[in-house]
Amino acid sequence: MTPLLQVEGLSKRYGAHIGCADVDFTLWPGEVMGIVGESGSGKSTLLNCLAGHLAPDTGRVILDTRAHGPRDTLTMSEPERRWLARTDWAFVHQNPRDGLRMGVSAGGNVGERLMAVGARHYGDIRAQAADWLTRVEIDTARMDDRPSTFSGGMQQRVQIARNLVTGPRLVFMDEPTGGLDVSVQARLLDLLRGLVRRLGLSVVIVTHDLSVVRLLADRLMVMKDGHVVEEGLTDQVLDDPQHGYTQLLVSSVLHV
Amino acid sequence: MYVAVKGGARAIANAHAWLDEARRGDRDVPELGTDQIREQLSLAVDRVMAEGSLYDPELAALALKQARGDTIEAVFLIRAFRTTLPRFGGSLPVATADMQIKRRISATYKDAPGGQVLGPTFDYTHRLLDFGLAEGRDVPPAPMAETGLESAPHILSHLGGEGLMQAEPDGAGAVPDLTRDPLEFPAERALRLQALARGDEGFLLSLAYSTQRGYGRNHAFVGELRIGAVRVSAHLPELGFDIEFAEIVLTECESVNQFQGSKTAPAQFTRGYGLVFGQSERKAISMALVDRALRAQELGEDMSGAPAQDAEFVLSHCDNIQSSGFLEHIKLPHYVDFQAELELVRKLRRAAGADALPEAAE
Amino acid sequence: MTEYNFAYLDEATKRMIRRALLKAVAIPGYQVPFSSREMPMPYGWGTGGVQVTAACLVPEDSLKVIDQGADDTTNAVSIRSFFEKVAGVATTESTADASVIQTRHRIPEAPLVAGQILVFQVPIPEPLRFLEPRETETRTMHALEDYGLMQVRLYEDIARHGEIARAYAYPVKVEGRYVMDPSPIPKFDNPKLNMSPALQLFGAGRECRIYALPPFTRVESLDFEDYPFTPSKAAGHDCAICGAQDSYLDEVITDDSGGRMFVCSDTDYCATRAAQMEANA
C-alpha cells in the first residue's frame with residue numbers, strides 16, 4: 001500500500017525561534033493522526049506547513065495525489081497547490097469565520113468547492129449541497145441563510161460540509177472544536193467521529209484537547225518546543241506515556 | 001411625436017458661457033489678479049502645487065482663479081497641464097538638511113543645533129476674526145533677526161549616532177514613478193511616499209487622525225518639522241556636471257515612533273516621513289503618520305486591519321483627482337444600465353407575484 | 001489645429017499605450033496594466049477610452065462617439081469635440097461610416113465589420129472586484145483561473161431570486177480562459193461581443209488597465225447549464241419612432257400621469273431606419 005502522506009525532515013524556523021524541527025511521519029489511507037501539545041509547541045506551524053499555508057525551510061511532504069500519484073507538495077507550483085486545496089485537500093479552521101464566506105449562503109458555501117472544480121449545473125450543485133448539509137445535521141430549510149445567522153456549532157458543521165463535499169483524500173483540522181461550548185463540542189465530536197468512520201477519511205488533526213484525540217485519532221504525535229517527543233497508537237500513548245512531558249500532559253487532563 | 005433630448009452641443013456651450021460669467025461675479029468689484037492670488041492666498045497656491053504635483057506658483061494661481069477657488073478643480077487643471085509636459089530627466093535628490101529655514105520646530109528636543117524657529121505660523125494665534133483685515137488695515141513689516149540662522153542639521157540625525165534611530169537605506173536604484181508606471185501592489189515605500197505626497201490633504205489628515213485614535217495606533221512625536229527653500233539641481237550627462245536650475249519651498253516632517261523590537265532586532269525608534277511642496281505642515285505631518293502606519297507589516301507589527309495600515313486601501317483612494325472624477329461620473333447618463341435594472345426589478349416583482357398589488361398611477 | 005500633438009497625447013505616451021494594446025490583443029481578456037495619463041476630462045468620464053482612441057487614431061480615421069447608444073448625449077458630444085479639436089479627424093454619427101467608435105455602455109445595433117475598432121470606456125475593469133476588493137488577490141485569482149467565487153455569486157442570485165439578477169456589466173469568459181467585465185453594457189449586448197469581426201478594445205483610465213477582444217474571439221456569458229444566459233430587454237414593445245423589434249429600447253416618461261414610450265437607445269440605428277421607412281413610403 002502507498003502511504004497517503006509521507007513527511008520527511010520537515011523544519012520551519014522563525015529567525016532564532018524554532019517553529020518545528022525534523023518532523024518525520026507517515027500517514028496511511030483511512031488513518032487519523034492526532035498532533036497534541038501546548039500552545040507554542042509547534043503543532044499549528046507543522047499543520048500549516050503540511051497544508052501549504054506556510055513554506056517550511058527544509059523537508060519533503062509527499063502526498064499520494066489522485067491525479068498523479070506521489071508528489072512533493074512543497075516543490076509544486078502555486079497553481080498546482082491551489083488545485084489540490086480544492087480537490088485532494090481540505091482544511092477545517094478552528095474559527096469557522098476563517099473557513100467560510102460569511103456573506104454567502106450555507107448552500108453557496110458548500111457549493112463553492114464544486115463550482116471551483118468546474119460544476120456548472122445549478123440543480124446538481126444544489127442537490128449535493130443539500131445532501132451534505134443534511135449529513136452535518138443542518139436543516140435544508142436554512143440552506144439559503146447566511147452562516148452569520150447560525151450558531152457557532154452550526155457554522156462549524158457548515159465548514160465541515162464545505163470541506164468534505166468534493167471528497168478530499170486528506171483533511172487537515174486545526175482545533176475544530178476549539179471555540180465551542182462543552183455541550184456543543186460533544187455533539188460536533190460525535191458527528192466528526194461518525195463521518196470519519198463512515199467515509200474512511202484520512203485526517204491530520206491538531207488539538208490541545210486530549211479527549212478529542214482519544215475519540216478520533218488512531219495514532220498520536222506529542223510535540224514540545226517544535227520537536228516530536230513521543231509517537232504511537234493513541235491508547236498506548238495516553239494510557240502508558242513514556243516521555244516525561246507526555247506524562248505531564250496526560251496527568252493534567254486527568255486532574256481537570 | 002416625442003423627440004428625445006437633443007442639442008447636447010448647444011447646451012454645453014451655453015453652460016460654459018454661464019460659468020465664465022459666474023466666475024467673474026459682480027463686475028462692479030475689481031477683478032482678482034493671479035499675482036494677488038499668488039501673494040495673498042499663498043497657502044491655497046501651495047496646496048494646488050502639492051496635490052497637482054507641479055511646482056509653479058503662477059500656474060497654480062491661475063488654476064485657482066479659473067476654478068473659482070475650488071481647490072480640487074484647480075489641482076485637476078494643473079494635473080491635466082502637467083501630463084502634457086515633456087520630461088527631460090530627473091533631478092538629484094534635494095538636500096533638505098541644507099534648507100534655508102523659515103520655520104523649524106521639534107517636539108522631541110527643547111533645543112538643538114540650529115534652534116527652534118517658529119516662522120510664519122498660525123500656531124499660538126488666537127482664532128479671532130481680525131475685522132481690521134476686512135477694512136484693509138496697514139500691515140507693518142515684521143522684525144528681522146540680526147544675524148542669519150546657523151546651520152541646522154536634521155534633529156533625528158542626533159539619534160542616529162547612538163543607533164537609537166533606524167537608519168534608512170540609501171535609495172540607489174531608479175525611483176518608481178506612478179505618473180509614468182501603473183500603480184502595482186505590493187508598493188515599495190518610495191512609491192507609497194510619492195502617492196502620499198500627491199494625495200488629498202483631507203484624506204491623509206483623517207487617516208493620520210485615525211491612527212492617533214487607535215486604528216493602527218503607533219504613537220508619534222514630531223521629531224522635526226521644517227519649512228524653507230531648497231535648491232534643485234540635475235546632473236547633465238552631456239555636460240558632465242550638475243547644474244542648479246530652481247529653488248523651491250518644501251515642508252518636511254520626520255516623525256519619531258517607538259518600535260518595540262522583535263526576536264531579531266532590539267528596540268529602536270523608527271521614522272515616518274512627510275515631504276510636501278510649499279508650506280503645508282498639516283499635510284506633511286499627516287503624511288509622516290500615514291507613512292509610518294503603512295510600514296507596520298515591514299516592521300512586523302500587529303496588522304489590526306486598520307485602514308491606515310492597508311497600502312492597497314490608502315494608495316487606491318488617496319488621489320483626489322481619481323476619487324472626485326469617479327464620484328462625479330455618476331452624474332453622467334446611465335439610462336441604459338438603469339433601463340436594464342428597471343426591467344430586471346419588474347421581472348423579479350412579477351415573479352414574486354407583486355403584480356397582484358394595485359399600482360397607483362395606472 | 002492646436003499647439004497639442006495629434007490626438008493630444010505625445011508620441012511616447014501613444015507608443016506606451018499601443019504596446020499595452022498589443023499585449024492585450026495577444027492575451028484576450030487579460031487586464032494589462034498601463035501607465036494611464038491624466039487627461040483633461042475627469043477620471044470616470046472616459047479617460048481610459050479617450051487614451052485608447054488617441055493611441056489608435058490616424059488622420060484618415062472617421063470617429064463616432066456614443067454614450068448610452070446616442071451620439072448626442074452631453075458626454076459623447078464633449079469627447080467628440082475634444083478629438084475634433086486635438087486630432088482634427090472627421091467625425092460621423094453613422095456606425096457604418098466610422099472606422100473608430102468610442103462607446104460608453106452600449107454596442108451599436110448595426111453589425112460591426114472587419115477593420116472597425118470599437119473602444120469601450122470602462123469604470124471598473126475587474127469583474128471580481130466586488131467579490132474581493134484586493135488587487136493582489138484578484139490578480140492571483142485570474143492567474144490561477146480561480147473563478148469558483150464568481151460562480152458562487154451567480155448561484156446566490158438563483159437561490160435568492162430564481163434567476164441571475166445581473167442586468168448589465170454581465171461577466172463573460174473569453175476563449176475559455178479569462179473572466180472579463182464587458183463594461184456596463186446591458187446584457188442584451190453581450191452576444192454582440194462574441195465572434196465580432198471588429199477589434200474591441202477596453203480602456204480603464206483611473207484603474208490603469210487595458211484589455212481587448214481581437215476579431216473573432218469566443219466570448220461566453222457565465223451561466224449554469226440549467227439556467228442558461230438570456231439576453232433581455234424591455235419586453236413587449238417596439239420602438240415608437242422606427243418600429244424596430246430587435247433593438248435595445250430606452251423607456252421615456254412622456255407625461256406626469258404614468259405615460260411612457262419606448263425608443264431605440266441607438267440613435268443612429270433608429271434614424272437610419274426611420275429615414276428608410278420615409279423613403280419607402
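Every chain is numbered independently, its residues counted from 1 as its sequence is written. To read the labels, note that chains go from A and ligands from 1, taken in the order they are written. A pLDDT threshold of at least 70 governs which residues receive local features in this predicted model, and a stricter bar of 80 or more applies before side-chain atom pairs are shown or counted, although totals over entire chains, interfaces and linings include all residues. Computation of side-chain values covers all heavy atoms of the structure but excludes hydrogens and water.

Undergrad: Kindly report on the sheet that holds strand E1 (residues 32-33) of chain C, identifying the contributing residues and their values.
TA: All names here are of chain C. Pairing between strands is defined by DSSP: at least two bridges between the two strands are required. Note on conventions: DSSP H or I runs of at least 4 residues are helices, E runs of at least 2 residues are strands, and numbering of each starts at the N terminus. Overall, mixed pairing links the 7 strands, which are arranged E1-E9-E8-E5-E4-E2-E3 in an open sheet. Either end of the sheet is taken by a strand with one partner, and the two such strands are E1 and strand E3 (90-91). Note that strand E2 (residues 62-67) and E3 share 2 bridges and pair parallel. For leucine 63, the partnering residue across the bridge sits in E3 and is threonine 91. Sitting on the sheet, helix H1 (residues 11-26) is in contact with E1, strand E8 (199-204) and strand E9 (209-213), with an inclination near 45° to E9. Contact between two residues is taken to exist if any of their heavy atoms lie within 4.5 Å; hydrogens are not considered. Interaxial angle, 0 to 180 degrees, is taken between N-to-C directions of lines fitted to C-alpha atoms, where a helix line uses only the stretch in contact.

Undergrad: Let's hear about the pairing of strand E8 (residues 202-207) of chain A: which residues, and what values?
TA: All names here are of chain A. Relative accessibility under 20% of the residue-type maximum defines a buried residue, over 50% an exposed one, and the middle range a partly exposed one, all with a 1.4 Å probe and only protein chains included. Of all 6 residues making up E8, 6 are buried, and the element is well covered by its neighbours. Pairing geometry for strand E3 (residues 32-36) and E8, over 5 bridges, is parallel. Each residue of the ladder has a partner; that of glycine 34, found in E8, is isoleucine 205. Judged from the 5 bridges that link them, strand E7 (residues 170-174) and E8 form a sheet pairing that is parallel. When the bridges of E8 are listed, leucine 170 appears paired with serine 202. As a crossover connection, the stretch from E7 through helix H7 (residues 182-199) into E8 is right-handed. The handedness of a crossover follows from its direction of travel: if, with the strands pointing away from the viewer, the path from the first strand over the helix to the second runs clockwise, the crossover is right-handed.

Undergrad: I'd love a proper account of H1 of chain C, names of residues and values included.
TA: All names here are of chain C. Expected span of a helix, by definition, is 1.5 Å for each gap between consecutive residues, and there is one gap fewer than residues. Its 16 residues give H1 an end-to-end C-alpha distance of 22 Å, which sits within 8% of 22 Å, the value for a rise of 1.5 Å per residue. The set of residues buried in H1 consists of Thr13, Lys14, Met16, Ile17, Ala20, Leu21 and Ala24. Projected down its long axis, H1 shows its buried positions confined to an angular sector of 160°, all on one face. Away from the buried face of H1 by more than 90 degrees, exposed residues Arg19, Leu22 and Ala26 are located. If you follow the buried residues of H1, they end up packed against E1, helix H2 (47-56), E8 and E9. This arc is taken over the directions from the axis of the helix to the C-beta atoms.

Undergrad: Can you break down a nonpolar patch on the surface residue by residue, with the values?
TA: Within the patch definition used here, like charges are joined within 9 Å and nonpolar side chains (Val, Leu, Ile, Met, Phe, Trp, Tyr) within 5 Å, considering only residues with over 30% relative accessible area and no salt bridge. Only the protein chains shown count as cover for residues, and the accessible areas themselves come from Shrake-Rupley with a 1.4 Å probe. Basic side-chain nitrogens of Lys or Arg form a salt bridge, by our definition, when they fall within 4 Å of a carboxyl oxygen of Asp or Glu. Taken together, the side chains of Leu239, Phe241, Ile243 and Phe245 of chain B present a nonpolar region at the surface, about 380 Å² in accessible area. The residue phenylalanine 245 of chain B is located in strand E3 (residues 241-259) in this model.

Undergrad: Describe in detail the pattern of salt bridges, supporting the description with residues and values.
TA: All told, the structure shown has 68 salt bridges over all chains when counted by the stated rule. Note that arginine 82 of chain A and glutamate 137 of chain C form a salt bridge whose closest N and O atoms lie 3.7 Å from each other. Linking arginine 82 of chain A in helix H2 (residues 78-86) with glutamate 137 of chain C in helix H4 (residues 135-143), this pair reaches from one chain into another. Given a relative accessible area of 27%, glutamate 137 of chain C falls into the partly exposed group. A network of salt bridges, in which partner residues are shared, links Glu78, Arg81, Arg82 and Arg86 of chain A together with Glu137 and Asp146 of chain C.

Undergrad: Tell me about the sheet that holds strand E5 (residues 69-72) of chain A, and name the residues and values.
TA: Residue and element names in this part refer to chain A. Strands sit in the order E2-E1-E4-E5 across an open sheet of 4 strands; the sheet is antiparallel. One side of each edge strand has no neighbouring strand; the edge strands of this open sheet are strand E2 (17-27) and E5. Strand-to-strand, the axes of this sheet are offset by a mean angle of 20°, without reference to chain direction. Strand direction decides the pairing type here: strand E4 (residues 58-65) and E5, joined by 4 bridges, are antiparallel. Among the inter-strand pairings, isoleucine 62 is bridged to a residue of E5, identified as aspartate 72.

Undergrad: How would you sum up the UniProt feature "domain: ABC transporter" (unreviewed entry) in chain A? Please name residues and give values.
TA: UniProt positions are given in the numbering used here, feature names are shortened, and annotations may be inferred rather than shown by experiment. UniProt marks residues 5-250 of chain A with the feature "domain: ABC transporter" (unreviewed entry), using the numbering shown here. The distance from the first to the last C-alpha atom of residues 5-250 of chain A is 28 Å, and the span holds 39% helix and 27% strand.

Undergrad: Can you explain the interface of chain B and chain C? Please cite residues and give values.
TA: Where the parts come together, the accessible area they lose is often given as the size of the interface. Between chain B and chain C, the residue contacts involve 46 residues of the former and 56 residues of the latter. By definition, the buried area sums, over both parts, the 1.4 Å-probe accessible area that each loses when the two are put together. Both faces combined, the contact of chain B with chain C buries some 4,500 Å², and carbon together with sulfur accounts for 59% of it. Applying the counting criterion to the chain B and chain C interface returns 5 salt bridges. Where arginine 198 of chain B meets glutamate 38 of chain C, a salt bridge forms, and the shortest distance between an N and an O atom there is 3.2 Å. Breaking the side of chain B that touches chain C down by element, the ones donating at least two residues are helix H1 (8-24), helix H5 (71-82), helix H12 (320-328) and helix H13 (335-351) of chain B. At 12 residues, H13 of chain B tops the list of elements feeding residues into the side of chain B that touches chain C. Three classes are used, and their members are as follows: Ala, Val, Leu, Ile, Met, Phe, Trp, Tyr, Cys and Pro are nonpolar, Asp, Glu, Lys and Arg are charged, and the others, Gly among them, are polar. Taken together, the residues that form the side of chain B that touches chain C break down as 21 nonpolar, 9 polar and 16 charged.

Undergrad: So, the environment of glutamate 220 of chain C: which residues are in play, and what are the values?
TA: Residue and element names in this part refer to chain C. Here glutamate 220 is to be found in strand E10 (residues 219-221). Apart from residues no more than four positions distant in its own chain, glutamate 220 is found in contact with Pro171, Val172, Lys173 and Gly176. A polar contact is formed between the side chain of glutamate 220 and the side chain of arginine 218, at a distance of 3.4 Å. Any pair of nitrogen or oxygen atoms within 3.5 Å is treated as a polar contact; in protein, a donor-acceptor pairing is required on top of that, and neighbouring residues in sequence qualify only through side-chain atoms on both sides.

Undergrad: Go over empty space enclosed by the protein with me, naming the residues and quoting the values.
TA: All names here are of chain C. Only protein atoms enter the 1 Å grid used here. Points where a 1.4 Å probe fits but cannot escape make up a cavity, open sets with protein on both sides within 12 Å along at least five of seven lines make up a pocket, and a residue lines them when an atom lies within 4 Å of a point. Grid points are joined across faces, edges and corners, and a volume is the space filled by probe spheres set on the points. Going through the model one piece at a time under the given rule, you end up with 1 cavity of 30 Å³ or more. In terms of lining, the largest cavity is formed by 16 residues, of which the most central are Gly44, Gly46, Gln121, Val122 and Pro123. Among the elements of the structure, H2 and E8 are those that each provide at least two residues to the lining of the largest cavity. Ranked by residues supplied to the lining of the largest cavity, first place goes to H2 with 3 residues. In terms of residue class, the lining of the largest cavity is built from 4 nonpolar, 10 polar and 2 charged.

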